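Letter by letter, the chains look like this.
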Amino acid sequence: MTFLLAILMNGATAYAQNAYDITHEESLKAMAAAKKHAEQSGVLVNIAVVDAGANLKAFVRMDGSFLGSIDVAIKKAKTSRYFDIDSGELGALTQPGGIIYNIEHSNGGLMTFPGGVPIKDKEGNIIGAIGVSGGTIEQDREIATAGAKAIID
């Protein structure tokens, strides 16, 4: 019998493995803030929020946004969380001659251009990440940043 199963059977309280994880409500708040920013900017995007384990927590595809951007938004969020860095900043390190050239081929495929941003709590702990795709890379980064900042505002 596994340790966790033994705990559950004995009625003990089990805790999540990661104490710093985005909640369902926080993921929806980040997604809504990003969507609002996109609407105000007149940009149609896909928005993905992942938890601390890089698992999809929330997603929205704005009407009329590119179908191909669904996967890109999710991968931008995962990339940002896997390496705890803005996906565009990671991209600068992946260029030919860069210290991690070709890393985008790892982890089932990474997106190493702007639009993926870590989400931090008020104490500065990374609790997830947000990825946006559908606009220019500058728009995607700006929209993702608006979503990430919503958690600490």
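Structure: above.
In this report, the structure presented in the accompanying data block is examined. Note that the structure is predicted; figures quoted are calculated from it, not measured.

Our next topic: the overall build of the protein. In terms of helices and strands, the protein carries five helices and four strands. Starting at the N terminus, the α and β elements of the protein follow one another as α-α-β-β-α-α-β-β-α. Taking all 153 residues of the protein together, the buried fraction comes to 42%. Intrachain contacts of the protein at a sequence separation of at least 6 include 63% that bridge at least 24 residues. Counting only carbon and sulfur atoms, one obtains 56% of the accessible surface of the protein, whose full area is about 8,300 Å².

Attention shifts here to unusual backbone geometry. Residues other than glycine seldom take positive phi values, yet Ala-54 does so here, at roughly 70 degrees. Note on Ala-54: relative accessible area 4%, which makes it buried. Of note, Asp-84 is a non-glycine position whose phi angle comes to about 50 degrees, a positive value. Considering the arrangement of structural elements, one finds Asp-84 in the loop between α3 (69–83) and α4 (87–93). Residue Asp-84 is classed as partly exposed on the basis of its relative accessible area of 39%.

This brings us to the packing of helix α2 (residues 24–41) against helix α5 (residues 137–149). Each pair of packed helices can be summarised by the angle the axes make with each other and by the distance between the axes. At a closest axis distance of 7 Å, the pairing of α2 and α5 adopts a crossing angle of 140 degrees. It follows from the interaxial angle that α2 and α5 lie oblique. Here α2 runs over α5; the crossing is right-handed. Residue-level contacts link Ala-30, Ala-33, Ala-34, His-37, Ala-38 and Ser-41 of α2 to Glu-142, Ile-143, Ala-146 and Gly-147 of α5. Residues that form the contact of α2 with α5 fall into these classes: six nonpolar, three polar and one charged.

Rules of the game
Residues numbered from 1 in each chain as written. Predicted model: local features only at pLDDT ≥ 70, side-chain atom pairs only at ≥ 80, totals over all residues. Heavy atoms only, no water. Helix = DSSP H or I, 4+ residues; strand = E, 2+ residues; numbered from the N terminus. Buried < 20%, exposed > 50% of the residue type's maximum accessible area, 1.4 Å probe, protein only. Contact = heavy atoms within 4.5 Å. Areas by Shrake-Rupley, 256 points an atom, 1.4 Å probe, with all protein chains shown as cover. Axes fitted to C-alpha atoms, helices over the stretch in contact; angles between N-to-C directions. Parallel < 35°, antiparallel > 145°, perpendicular 65-115°, else oblique. Left-handed = near helix turned anticlockwise from the far one by under 90°. Nonpolar A, V, L, I, M, F, W, Y, C, P; charged D, E, K, R; others polar.

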